[in-house]
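One letter stands for each residue in the lines below.
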There are 2 protein chains.
Amino acid sequence: MKAVGIICEYNPFHNGHVYHLEKVKELCPDHTIILVMSGNFLQRGEASLIQKWDKTKIALAYGVDLVVELPFPFATQSADYFAKGSIGLLKALHVDTLIFGSECGDIEKFITLANTQLYDEKYDEQVKNYLDQGLNYPTSLSKALFNITGITIDTPNDILGLSYVREIIETKANIQPICIKRTNDYHSKKLTGTITSASSIREALKKKQDIRAYVPKETLQYLKPYHTIENYYPFLKYKILTEMKDLDMYQSVDEGLGARMKKFIVMSKTYDELIENIKTKRYTYQKIGRMLTHILCNFSKDDADDLRKLKYIRVLGFSSKGQQYLNAYKKKIDLPIITTFKKMNPMLEMELRATCTYASILDEEDKQALIEAEYKQKPIMK
Amino acid sequence: MKAVGIICEYNPFHNGHVYHLEKVKELCPDHTIILVMSGNFLQRGEASLIQKWDKTKIALAYGVDLVVELPFPFATQSADYFAKGSIGLLKALHVDTLIFGSECGDIEKFITLANTQLYDEKYDEQVKNYLDQGLNYPTSLSKALFNITGITIDTPNDILGLSYVREIIETKANIQPICIKRTNDYHSKKLTGTITSASSIREALKKKQDIRAYVPKETLQYLKPYHTIENYYPFLKYKILTEMKDLDMYQSVDEGLGARMKKFIVMSKTYDELIENIKTKRYTYQKIGRMLTHILCNFSKDDADDLRKLKYIRVLGFSSKGQQYLNAYKKKIDLPIITTFKKMNPMLEMELRATCTYASILDEEDKQALIEAEYKQKPIMK
């Protein structure tokens, strides 16, 4: 049995993801499709519009065979860390191929860039120089790579893709990376709808626009009610305003930023306003979003230090093919495979804490159900 | 100039309080009336139905000359501590009389009981025995006092009154305590309405019953919107569920109770349900209410240790008579008198934190206004 890996947040699952899965099946028709999926909080510091069990159901419905959770300490961090966790899981699961979507679409370019990052001394120097000039990290990375290789890489998706490829090379994972070009060519004749990005769908939802043309029916079904990070602002504000300690104790909150947050929190009336008030040239919107998510979920620098390594593979759902794959590879997989929370450990505690935070905005019935699902729910079966 | 002190929570201000103030004016017609008032969180672990600036306006409208705030670390604690703070403030302000309402109505009885508590060795022994049998503190106190003196004291108001009298005796304060009997005789012909207790008014509000007969018009005016501790449950639940540390670190949370709270928090759908689930013979509803308020406001045992002593007299409002009194006594008053937060200190930080918590349930406009009032609002003048 062979397996192909994909890494997704599905925020939300849309026609582009359907196309991506179709492509994966086309390229690897006999492979088991393994999805590493972010849970309830995401890489840009967002809350997942759809809760993770429902995202799992959708993924299984569209052909994924095995859904494993990218733990919170990886899912909500910078591209490097996100890649470390997701490639680590795929490597442990013995996939031989990774297929990811990218704007660039040329895997050779990714490999060149990854090697530059890993082995060209000029790269680190240049990044440091740009950072010292007050530029943010993605811009510094992009400029340094362009100077050295002449290749432009600047979209969040491509930077994430580059992190995957670099992580594969660096950890000597036996995984072949393949990228599928994300363009308007995406319009497959198999699809009745059209394709647009997840962020444009999120924007449309914010404006209460009709998104039916861009997502499958399952997404619409599970989007009620939908979570956005904005809904959590009263809780974040309460937490920041009543926090006695320095906010810099929370993961990813750089020195001095905590004081800035405390300074602007009273006057900022929305999550978005708070980020806009704090933002500087050095800190991107997304980086600040991540900081706020770490504060909201009570994820400290100490926690992050303790949770630097993958401790388990948590299965959220599988098809019979996925289950067969797990059974076949069980003995070769170095990490323990877990389904429910029989024994707690700090990584699972963090996951539970994130889900408790995620559930805070729900009414009491739904809150209890979602929190209990975190430790009781068995993998979703298709 | 002479001054008489009263101690109130005004939760909410009702016809009985109007009567109390009438009585004070009758008994001390030339005195300046000084009110020590709890702020936004109260002794039973409740949120104040009406925010403190509005309570101040009402108090001034009904004849109080000077309103000073009982700081949070005293206002939300057991009767002993509550009395320590409030008598301490009145003593510092050189009042010569304290007038409080009580069910018992006989000041000699209070004096006998206070002396028993202070000087009769049997008292402490007996209280300890009852506590060891698993009884709660108010019951143990009441039983021990009855055994020794034959006097029954068991209502929360009388236990509070006893604490005042004991604190006066113990600190050798030059204050004469007077109690006014709280009975149906309260019905003064001067009042158009009728008198009922604050708790029955709170109950009526909960049931959306008409309370117009029991409160003056100002109370009705400021009761929109009104705060109850139940409104804060989503925040408390979020805090408890995401707290990494032991809840026993919070003030008044006895050993083991924190674990009980964590055990019952997911299944408890209301504040009330949580308390009922945690409650045992040893812990009264109110005592648990106080614990939860301390958790909600992030008030730790360390904070409480640091804030055992009065640090200032904070003026929330005054009439011209009150202002004259302050000017006349300024030099004799040992504590600094403060109005706005020019210099922060840990006691004021705690007060601000409590107000930030209190404001959490409001919409963003009102939240900002209430929080800013905490450090910008000058004393209300009548």
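Residues numbered from 1 in each chain as written. Chains lettered and ligands numbered in written order. Predicted model: local features only at pLDDT ≥ 70, side-chain atom pairs only at ≥ 80, totals over all residues. Heavy atoms only, no water.

K.L.:
Would you mind going over the overall build of chain A with me for this structure?
P.N.:
Regarding its fold elements, chain A presents 18 helices and eight strands. In terms of principal-axis extent, the alpha carbons of chain A reach across some 55 × 55 × 45 Å. Partitioning the contacts of chain A with sequence separation of at least 6, the portion at a separation of at least 24 is 76%. Working note: accessible area of chain A is about 16200 Å², and carbon and sulfur atoms make up 50% of it. When the 54 basic and 48 acidic side-chain charges of chain A are each reduced to a single mean position, those positions are 2 Å apart. (Helix = DSSP H or I, 4+ residues; strand = E, 2+ residues; numbered from the N terminus. Contact = heavy atoms within 4.5 Å. Areas by Shrake-Rupley, 256 points an atom, 1.4 Å probe, with all protein chains shown as cover. Lys, Arg positive; Asp, Glu negative; His and termini not counted. Charge placed at Lys NZ, Arg CZ, Asp CG, Glu CD.)

K.L.:
Whenever I open this one, the layout of surface pockets confuses me. Can you help?
P.N.:
Residue and element names in this part refer to chain A. In this structure, the second largest pocket occupies an estimated 800 Å³ of space. Lining the second largest pocket we find 32 residues, and of these S78, A79, Y137, K287 and R290 sit closest to its centre. Among the secondary structure elements, those contributing two or more residues to the lining of the second largest pocket are α4 (79–92), α7 (137–149), α8 (156–170), α14 (285–296) and α15 (301–306). Counting residues per element, the lining of the second largest pocket draws most heavily on α14, at four residues. Classifying every residue of the lining of the second largest pocket gives 14 nonpolar, nine polar and nine charged. (1 Å grid on protein atoms, 1.4 Å probe; cavity = no way out; pocket = protein on both sides within 12 Å on 5 of 7 lines; lining within 4 Å. Points joined across faces, edges and corners; volume = space filled by probe spheres on them. Nonpolar A, V, L, I, M, F, W, Y, C, P; charged D, E, K, R; others polar.)

K.L.:
Before we go on, may I ask you to explain the pattern of salt bridges in this structure?
P.N.:
Between side chains of opposite charge, pairing is possible as soon as their charged atoms come close. All names here are of chain B. All told, the structure shown has 46 salt bridges over all chains when counted by the stated rule. With a closest N to O distance of 3.7 Å, K23 and E26 form a salt bridge. One end of the pair, K23, and the other, E26, are both in helix α1 (residues 15–27), three residues apart, so they sit about a helical turn from each other. Relative accessible area serves as the criterion here: at 24%, K23 is assigned to the partly exposed category. Among the ionic pairs, E372 bridges to K376, the shortest N-O distance being 3.7 Å. Here E372 pairs with K376, and both are found in helix α18 (residues 364–376), just four residues apart, close to one helical turn. The exposure class assigned to E372 is partly exposed, which follows from its relative accessible area of 22%. (Salt bridge = Lys/Arg side-chain N within 4 Å of Asp/Glu carboxyl O. Buried < 20%, exposed > 50% of the residue type's maximum accessible area, 1.4 Å probe, protein only.)

K.L.:
It is not clear to me how helix α16 (residues 320–329) of chain A should be interpreted in this structure. Could you clarify?
P.N.:
For an α-helix, 3.6 residues make a turn, and residues three or four places apart therefore share a direction. Residue and element names in this part refer to chain A. Inspection of α16 places G322, Y325, L326 and Y329 among the buried residues, and these make up the whole buried set. Projection of α16 onto a plane perpendicular to its axis shows the buried side chains occupying an angular sector of 95°, all on one side. On its buried face, α16 sits against β1 (3–8), β2 (32–38), β3 (66–70), β6 (313–318) and β7 (337–338). (Arc of directions from axis to C-beta.)

K.L.:
Any chance you could explain the packing of helix α12 (residues 257–264) of chain A against helix α13 (residues 271–278) of chain A here in plain terms?
P.N.:
The description of two packed helices rests on the angle between their axes and on the distance between the axes. Residues and elements named next belong to chain A. Viewed as axis vectors pointing N to C, α12 and α13 meet at an angle of 130°, and their least axial separation amounts to 10 Å. Overall, the two elements α12 and α13 adopt an arrangement that is oblique. α12 and α13 meet at a crossing whose hand is right-handed. Contacts between α12 and α13 involve L257, R260, M261 and F264 on the former and, on the latter, L274, N277 and I278. A per-class count over the contact of α12 with α13 returns five nonpolar, one polar and one charged. (Axes fitted to C-alpha atoms, helices over the stretch in contact; angles between N-to-C directions. Parallel < 35°, antiparallel > 145°, perpendicular 65-115°, else oblique. Left-handed = near helix turned anticlockwise from the far one by under 90°.)

K.L.:
Looking at this model, I keep getting lost on the relation of the copies chain A and chain B. Mind explaining?
P.N.:
What relates the two chain copies is a rotation about an axis together with a slide along it. The transformation that overlays chain A on chain B combines an axial shift of 0.0 Å with a rotation of 180°, and the residual RMSD is 0.0 Å. Such a turn and shift between the copies fits a two-fold axis. Using C-alpha coordinates, one finds that chain A approaches the rotation axis most closely at F235 of chain A, a distance of 3.3 Å. (Least-squares fit on C-alpha atoms with pLDDT ≥ 70 in both.)

K.L.:
I would appreciate a short explanation of the nonpolar core in the present structure.
P.N.:
Burial of nonpolar side chains together is a common tendency in soluble globular proteins. Judged by nonpolar contacts, the single largest core of 194 residues is most densely connected at L292 of chain A together with L292 of chain B. Among all residues touching L292 of chain A, those that are not within four sequence positions of it are L236, I240, M261, Y271, L274 and I275 of chain A. (Core = buried A, V, L, I, M, F, W, Y, C linked by side-chain atoms within 4.5 Å.)

K.L.:
Which parts of the structure should I look at to understand the interface of chain A and chain B?
P.N.:
By convention, interface size is frequently given as the accessible area that disappears when the constituent parts associate. Listed by partner, the interface residues are 30 residues for chain A and 30 residues for chain B. Both sides together, the interface formed by chain A and chain B hides about 2600 Å², and carbon and sulfur atoms give 62% of it. When the area that chain A buries against chain B is broken down by residue, the three leading residues are Y238, M244 and K269 of chain A, summing to 26%. At the boundary of chain A and chain B, one finds two salt bridges. In this structure, the salt-bridge partner of E364 of chain B is K237 of chain A, at a minimum N-O distance of 2.5 Å. The set of elements that each furnish at least two residues to the side of chain A that touches chain B consists of α11 (233–242), α14, α17 (346–359) and α18 (364–376) of chain A. (Buried area = accessible area lost by both parts, 1.4 Å probe.)

K.L.:
Quick question: what am I supposed to make of unusual backbone geometry here?
P.N.:
When glycine is set aside, most residues are seen to have a negative phi, and most peptide bonds are trans. Cis peptide bonds are those with omega within 30 degrees of zero, and the linkage from K224 of chain A to P225 of chain A qualifies with -10°. Within the element layout of this structure, P225 of chain A appears in the loop between α10 (217–222) and α11. Although it is not a glycine, N298 of chain A sits at a positive phi angle of roughly 55°. By the secondary structure assignment, N298 of chain A is in the loop between α14 and α15. Note on N298 of chain A: relative accessible area 4%, which makes it buried. A positive phi angle, near 60°, is found at H94 of chain B, a position not held by glycine. Structurally, the position occupied by H94 of chain B is in the loop between α4 (79–92) and β4 (97–102).

K.L.:
Explain the packing of aromatic side chains here, please?
P.N.:
Within a pair of aromatic rings, the relevant descriptors are the distance that separates the centres and the angle that separates the planes. In this structure the tally under the stated criterion is 27 aromatic pairs over all chains. Ring centres 5.3 Å apart and planes at 75° place the aromatic pair F100 of chain A and F110 of chain A in the edge-to-face group. One end of the pair, F100 of chain A, is in strand β4 (residues 97–102); the other, F110 of chain A, is in helix α5 (residues 107–119), and 10 residues separate them in sequence. For the pair F100 of chain A and F110 of chain A, a shared accessibility class is recorded, and that class is buried. Ring centres 5.3 Å apart and planes at 90° place the aromatic pair F72 of chain B and F299 of chain B in the edge-to-face group. Of this pair, F72 of chain B sits in helix α3 (residues 72–75) while F299 of chain B is found in the loop between α14 (285–296) and α15 (301–306), placing the two residues 227 residues apart along the sequence. (Phe/Tyr/Trp six-rings, centres within 6.5 Å; stacked < 30°, edge-to-face > 60°.)

K.L.:
Would you explain empty space enclosed by the protein in this entry?
P.N.:
Where empty space is left becomes clear once a probe the size of a water molecule has been rolled over the atoms. Tallied over the entire structure, the rule returns three cavities of 30 Å³ or more. One number sums up the size of the largest cavity: a volume of about 170 Å³. If you trace the largest cavity, you find 16 residues lining it, with K239 and E243 of chain A together with K239, E243 and N298 of chain B closest to the centre. Contributions of two or more residues to the lining of the largest cavity are made by α11 of chain A together with α11 (233–242) of chain B. Each residue belonging to the lining of the largest cavity can be placed in one class, and the counts come to six nonpolar, four polar and six charged.

K.L.:
Could you clarify how one ought to interpret the side chain of H294 of chain A in this entry?
P.N.:
Along the polypeptide, H294 of chain A turns up in helix α14. In this structure, H294 of chain A is in contact with F72, T76, Q77, Y250, Q251, S252 and F299 of chain A, ignoring residues within four places of it in sequence.

K.L.:
Teacher, can you tell me more about the side chain of N136 of chain A here?
P.N.:
Residue and element names in this part refer to chain A. Inspection of the secondary structure puts N136 in the loop between α6 (121–132) and α7. Polar contacts involving the side chain of N136 include one to the side chain of T139, which spans 2.7 Å. Those residues within four positions of N136 in sequence are excluded, and the remaining contacts are L131, K281, R282, Y283 and T284. (Polar contact = N/O pair within 3.5 Å; in protein donor to acceptor, adjacent residues only side chain to side chain.)

Keep in mind these numbers describe shape, not what the thing actually does.
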